[in-house]
Amino acid sequence: MKNKKEKGQYGYRDYHKKMQIVKVLFGGAMILVQLLARNFTDNQAAKNVLTLMAILSVLPTANVASPLLASWKYKTGSRQLMEQIAGLEGTGIVLYDLIVTSKEMIIPLDVVMVHPNVVAAFCPFQKIDKKKAEKYLNETFQDHRLDANVKIISEEKQFVKRLRDLKPMKEYEDDGSVEYGAGVLKSLSM
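Residues numbered from 1 in each chain as written. Predicted model: local features only at pLDDT ≥ 70, side-chain atom pairs only at ≥ 80, totals over all residues. Heavy atoms only, no water.

Comments concerning the pairing of strand E4 (residues 150-153)
In the sheet, strand E3 (residues 119-122) pairs with E4 via four bridges, with the strands oriented parallel. Bridge pairing in E4 links Phe-122 to Ile-153. Note on the crossover from E3 through helix H4 (residues 130-143) to E4: the handedness is right-handed. (Pairing = 2+ DSSP bridges. Helix = DSSP H or I, 4+ residues; strand = E, 2+ residues; numbered from the N terminus. Right-handed = clockwise from strand over helix to strand, strands pointing away.)

See below:
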């Protein structure tokens with residue numbers, strides 16, 4: 001698929017949502033086909049096998065549907081913000097459209113700049129408990145032996161200003177922690 005989006009790319013949320021919908025519809029169709037196929041056989045053993053197959057198909061379909069439902073209301077961020085950030089990509093590693101999940105919360109991050117001094121994240125959703133989200137992300141970074149300096153900003157202008165104040169990444173010694181931190185964030189994201 002030529003328009004495939006990877007985690008961290010702009011447009012990933014919308015792309016991922018479409019792919020998950022296709023998977024759920026396919027799973028639902030397979031369940032219905034298996035149940036309808038029961039009507040075309042008189043063999044009781046075949047009916048039992050088809051029923052069992054339909055029941056076993058529910059779990060994988062539900063496993064695809066549950067993250068889809070959890071992330072349903074989060075769409076890809078504004079293109080204008082992405083265009084503003086595009087000129088700052090030499091400052092650090094920029095990730096878009098992440099939805100980080102913990103046991104207690106869903107943290108939608110429209111843009112994240114992973115920089116040697118800070119991980120600045122833009123989350124425009126006011127209902128998110130920023131302190132709790134920062135604590136979770138900082139603890140996760142500490143668990144991965146990274147500097148725990150994650151800041152979540154909910155105001156777009158403040159976020160862009162914060163990124164513009166950062167020095168370019170090339171001015172720092174590269175120890176691989178920036179790439180590793182970006183990888184940790186991608187792995188936490190659905």
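And the narrative resumes.
Section: a negative patch on the surface
A contiguous patch of negative charge on the surface is contributed by Asp-147, Glu-173, Asp-174, Asp-175 and Glu-179. Take Glu-173: it is sitting in the loop between helix H5 (156-164) and helix H6 (177-188). (Patch = residues over 30% accessible without salt bridge, like charges linked within 9 Å, V, L, I, M, F, W, Y side chains within 5 Å. Areas by Shrake-Rupley, 256 points an atom, 1.4 Å probe, with all protein chains shown as cover. Salt bridge = Lys/Arg side-chain N within 4 Å of Asp/Glu carboxyl O. Lys, Arg positive; Asp, Glu negative; His and termini not counted. Charge placed at Lys NZ, Arg CZ, Asp CG, Glu CD.)

Quick look at the confidence of the model for the protein chain
Confidence in the prediction of the protein chain, expressed as mean pLDDT, is 88, and 99% of residues score 70 or more. Within the protein chain, helix H3 (residues 79-86) has the poorest average pLDDT of any element, 86, and E4 the best, 92. (pLDDT = per-residue confidence, 0-100.)

Re H3
Where H3 is concerned, the buried positions are Leu-81, Met-82 and Ile-85. Along H3, the residues classed as buried sweep out an arc of 100° about the axis, all on the same side. Turned more than 90 degrees from where H3 packs its buried face, Gln-80 and Glu-83 sit exposed. (Buried < 20%, exposed > 50% of the residue type's maximum accessible area, 1.4 Å probe, protein only. Arc of directions from axis to C-beta.)

Topic: unusual backbone geometry
Within the chain, Asp-97 stands out as a residue other than glycine whose phi angle is a positive 55°. Relative to the elements of secondary structure, Asp-97 occurs in strand E1 (residues 93-101). You can call Asp-97 buried: its relative accessible area is 1%. Even without being glycine, Arg-145 reaches a positive phi, approximately 60°. Position of Arg-145 among the secondary structure elements: in the loop between H4 and E4. The exposure class of Arg-145 is exposed, given its relative accessible area of 78%.

Side note on the environment of Val-178
With respect to the helices and strands, the residue Val-178 is situated in helix H6. For Val-178, a relative accessible area of 6% puts it in the buried group. C-alpha separation for the pair Val-178 and Asp-147, spaced 31 residues apart in sequence, amounts to 10.0 Å. What Val-178 contacts, discounting residues up to four positions off in sequence, is Ile-93, Val-114, His-115, Pro-116 and Met-169. (Contact = heavy atoms within 4.5 Å.)

A look at the packing of helix H1 (residues 12-37) against helix H2 (residues 44-70)
Running from amino to carboxyl end, H1 crosses H2 at an angle of 165°, the nearest separation of the two axes being 9 Å. Taken together, H1 and H2 sit at an angle that is classed as roughly antiparallel. Crossing handedness for the pair H1 and H2: left-handed. The segment H1 lies against H2, with Lys-17, Gln-20, Ile-21, Lys-23, Val-24, Gly-27, Gly-28, Ile-31, Gln-34, Leu-35 and Ala-37 engaging Leu-50, Met-53, Ala-54, Ser-57, Val-58, Thr-61, Val-64, Ala-65 and Leu-68. Here the residues of the contact of H1 with H2 sort into 12 nonpolar, six polar and two charged. (Axes fitted to C-alpha atoms, helices over the stretch in contact; angles between N-to-C directions. Parallel < 35°, antiparallel > 145°, perpendicular 65-115°, else oblique. Left-handed = near helix turned anticlockwise from the far one by under 90°. Nonpolar A, V, L, I, M, F, W, Y, C, P; charged D, E, K, R; others polar.)

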